[in-house]
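Results of the structural survey
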Amino acid sequence: MSILMHVCTLVVKILTLPLLVADLLGLGRFYKRVFPALMYRFSFSYNSKMNEKKRELFRELPRFSPRGGPLRLLEVGCGSGANFQHYPNGCRVTCTDPNPHFKSYLQKSMDTNDHLVYENFVVAPGEDLRVVEDNSVDVVVCTLVLCSVKNTPKVIQEAKRVLRPGGAFFFLEHVEADPSTWIYFLQHVFQPFMYYFLDGCDPTRATWKHLEAAGFSDLQLRHFQAPISALVRPHIVGFAVK
Ligand SMILES: C[S@@+](CC[C@H](N)C(=O)[O-])C[C@H]1O[C@@H](n2cnc3c(N)ncnc32)[C@H](O)[C@@H]1O
């Protein structure tokens, strides 16, 4: 399978050369304006299929609330705010995303979810959260983000830095499939298409390895197959305690 995979990947890379040129010419910057509208629509269908998984994950949030106070939550790569409905009443939310064009969609989700207190929307990549103080939040949330970031270990270290001791990093991410499967083959072959059409998304990331290496005191991580299209079916879900 390996030689066939490398040949097919090479063919797809050649086919996507015009996309590389378009990106170099600045079309990627234009696509950054279009992507939020696509993601906003996709999030409804993803949420309807993943509602139970998200409910199960975010049910754990209240145990990280400080005694007597509301949960302080930072969402990294918040996109259009697809997780807000799952956050507990009164939760104080700070959102970050490097793409400012998500703002109007984010506002719609904020208007719909008025059980939360929105503190700030910061335009910043997860690799550089300097606007957030050390040890200042109870929970950091990342869903469908670590496939697109430039430096996964750096994003996880930034999350760890801003978490208070005992706080938790919550994640729900699609990941690389088992190498013995056809999904693994397809993920590697179609990776260049996904990169250009899904704003830098890489379906071949073994994100769990970075979480395991990050030095959290406790890591609750499960692999599962999401009921969505094959290339992004393998998922991990869980939380890591600082
Ligand atoms: C597939 S969308 C997911 C959005 C949202 N988290 C959700 O679950 O619907 C990926 C998001 O990651 C953001 N992103 C891309 N690169 C990033 C980075 N380096 N740091 C933080 N977020 C990033 C994108 O702008 C986009 O909002």
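Whatever comes next refers back to the structure up there.
**A short note on the overall build of the protein chain**
Of regular secondary structure, the protein chain possesses seven helices and seven strands. For the protein chain, the α and β elements follow one another from N to C terminus as α-α-α-β-β-α-β-β-α-β-α-α-β-β. Compactness check: the protein chain gives a C-alpha radius of gyration of 18 Å against a globular reference of 18 Å for 242 residues, within 12% of the reference. Taken along its principal axes, the extent of the C-alpha atoms in the protein chain is 60 × 35 × 35 Å. Within the span of the protein chain, comprising 242 residues, buried residues form 35% of the whole. If you take every contact in the protein chain between residues at least 6 apart in sequence, the share linking residues at least 24 apart comes to 72%.

**Quick look at helix α1 (residues 2-15)**
Its 14 residues give α1 an end-to-end C-alpha distance of 20 Å, which sits within 8% of 20 Å, the value for a rise of 1.5 Å per residue. The buried fraction of α1 amounts to zero of the 14 residues, a small share that puts the element mostly on the outside.

**Quick notes on the nonpolar core**
In terms of nonpolar packing, the biggest core is built from 46 residues, with Leu73, Val139, Val140 and Phe169 touching the most fellow members. Going through the elements one at a time, α3 (27-58), β1 (72-76), β2 (92-96), α4 (103-112), β4 (137-143), α5 (152-162), β5 (163-174) and β7 (234-241) are the ones with two or more residues in this core. By residue number, the principal contributor to this core is β5, which donates six residues. Discounting chain neighbours no more than four positions away, the residues touching Phe169 are Val140, Ala159, Lys160, Leu163, Phe239 and Ala240.

**A word on unusual backbone geometry**
Of note, Asn135 is a non-glycine position whose phi angle comes to about 55°, a positive value. Within the secondary structure, Asn135 sits in the loop between β3 (117-122) and β4. Here the phi dihedral of Leu144 falls at roughly 55°; this positive angle occurs in a residue that is not glycine. Note that Leu144 resides in the loop between β4 and α5. Since 23 C-beta atoms lie within 10 Å of it, Leu144 is described here as buried.

**Quick notes on the site of the ligand**
Around the ligand sit 20 residues, and of these Gly77, Gly79, Ala82, Pro125 and Gly126 come closest. Broken down by class, the residue content of the shell around the ligand amounts to ten nonpolar, seven polar and three charged.

**Some remarks on the environment of Glu119**
Relative to the assigned elements, Glu119 resides in strand β3. Considering only alpha carbons, one finds Glu119 and Phe84, 35 residues apart in sequence, at a separation of 13 Å. Excluding its chain neighbours within four sequence positions, the residues that come into contact with Glu119 are Arg92, Val93 and Thr94.

**Some remarks on the pairing of β4**
Of all the seven residues making up β4, seven are buried; the element is thus mostly covered by neighbouring parts of the structure. The pairing of β1 with β4 spans three bridges and is parallel. Within β4, the residue paired with Leu73 across the bridge is Val139. Relative to β5, β4 is paired through six bridges, and the arrangement is parallel. Paired with Val141 across the bridge in β5 is Phe170. As for the winding sense of the linkage, the β-α-β connection from β4 through α5 to β5 is right-handed.

Basis of the calculations
- Residues numbered from 1 in each chain as written.
- Predicted model: local features only at pLDDT ≥ 70, side-chain atom pairs only at ≥ 80, totals over all residues.
- Helix = DSSP H or I, 4+ residues; strand = E, 2+ residues; numbered from the N terminus.
- Rg over C-alpha atoms; globule rule 2.2 N^0.38 Å.
- Buried ≥ 20, exposed ≤ 12 C-beta atoms within 10 Å, placed from the backbone.
- Contact = placed C-beta atoms within 7 Å.
- Expected span 1.5 Å × (residues − 1).
- Core = buried A, V, L, I, M, F, W, Y, C linked by C-beta atoms within 7 Å.
- Near = placed C-beta within 6 Å.
- Nonpolar A, V, L, I, M, F, W, Y, C, P; charged D, E, K, R; others polar.
- Pairing = 2+ DSSP bridges.
- Right-handed = clockwise from strand over helix to strand, strands pointing away.

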